[in-house]
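Okay, here's what each chain looks like letter by letter:
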Amino acid sequence: MALPREAVGIPMVRRVLGDSLRSLHVTETCVSDILLAVSEACGNAVRHGGPANRYQVEAAIGYGRCDVRVIDAGHGQVRMPDRYPSPDVENGRGILIMQAVVDEISFDAAPGRGTTVHLRKRLDLEEDAVRARSRQLASV
């Protein structure tokens, strides 16, 4: 998805990705973790992705995991914080939040070429869906 560098696009990303994951019977906890991380990455692209006026979100779901890439054309400077900022600071928690809720996070950042945030999480499926799938396979 190519999106305008405005916060209005973030709910659309959440809706499309969330609906896709739920249709595959991913647990709500797992869906929530992925959507939180993606929202943070998109928020960073909106805030720091200039001078371009667009950013991209690419998602792949398969092989028991969800891979999401958020790509912007900003200045390409990513620094992993050592710790959470003090409670009186408004910003600076996004990368640590993403790191806390996904299995893997990586950055490809180059000055003047932008930043790609790659998020990966193993999918937890609802038990009823797993049992129903097992019964279908057993009856073939």
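Nothing here was measured: the structure is a model prediction, and the numbers come from that model.

S.K.: Hey, could you go over the overall build of the protein chain for me, with residue numbers and the actual values?
M.R.: From N to C terminus, the protein chain includes four helices and five strands. Each helix and strand of the protein chain, ordered N terminal to C terminal, gives the series β-α-α-β-β-α-β-β-α. Burial status across the protein chain gives 36% buried among its 140 residues. Long-range pairs, those at least 24 residues apart, make up 61% of the contacts in the protein chain between residues at least 6 apart in sequence. Carbon and sulfur atoms provide 50% of the accessible area of the protein chain, an area that totals close to 8,800 Å².

S.K.: Give a description of the packing of helix H1 (residues 10–23) against helix H2 (residues 28–48) that names residues and reports values.
M.R.: Closest axis-to-axis distance for the H1/H2 pair is 10 Å, and the angle between their directions is 155 degrees. Between H1 and H2, the angle falls in the class roughly antiparallel. As for how H1 packs across H2, the hand of that crossing is right-handed. Along the contact surface, H1 presents Ile-10, Val-13, Arg-14, Leu-17, Gly-18, Leu-21 and Arg-22, while H2 presents Glu-28, Val-31, Ile-34, Leu-35, Leu-36, Val-38, Ser-39, Cys-42, Gly-43 and Val-46. Residues that form the contact of H1 with H2 fall into these classes: 11 nonpolar, three polar and three charged.

S.K.: Before we move on, can you summarise the nonpolar core with the specific residues and values?
M.R.: Tyr-55 and Leu-119 are the most contacted members of the largest nonpolar core, which has 29 residues in total. For this core, the element with the highest residue contribution is H2, accounting for 10 residues.

S.K.: Residue-level account of the environment of Asp-108, with values.
M.R.: In this fold, Asp-108 is placed in strand S4 (residues 104–110). Assessed through its relative accessible area of 47%, Asp-108 is described here as partly exposed. For the pair Asp-108 and His-118, spaced 10 residues apart in sequence, the C-alpha to C-alpha distance is 8.2 Å. Apart from residues no more than four positions distant in its own chain, Asp-108 is found in contact with Gly-114, Thr-115 and Thr-116.

Analysis parameters
- Residues numbered from 1 in each chain as written.
- Predicted model: local features only at pLDDT ≥ 70, side-chain atom pairs only at ≥ 80, totals over all residues.
- Heavy atoms only, no water.
- Helix = DSSP H or I, 4+ residues; strand = E, 2+ residues; numbered from the N terminus.
- Buried < 20%, exposed > 50% of the residue type's maximum accessible area, 1.4 Å probe, protein only.
- Contact = heavy atoms within 4.5 Å.
- Areas by Shrake-Rupley, 256 points an atom, 1.4 Å probe, with all protein chains shown as cover.
- Axes fitted to C-alpha atoms, helices over the stretch in contact; angles between N-to-C directions.
- Parallel < 35°, antiparallel > 145°, perpendicular 65-115°, else oblique.
- Left-handed = near helix turned anticlockwise from the far one by under 90°.
- Nonpolar A, V, L, I, M, F, W, Y, C, P; charged D, E, K, R; others polar.
- Core = buried A, V, L, I, M, F, W, Y, C linked by side-chain atoms within 4.5 Å.

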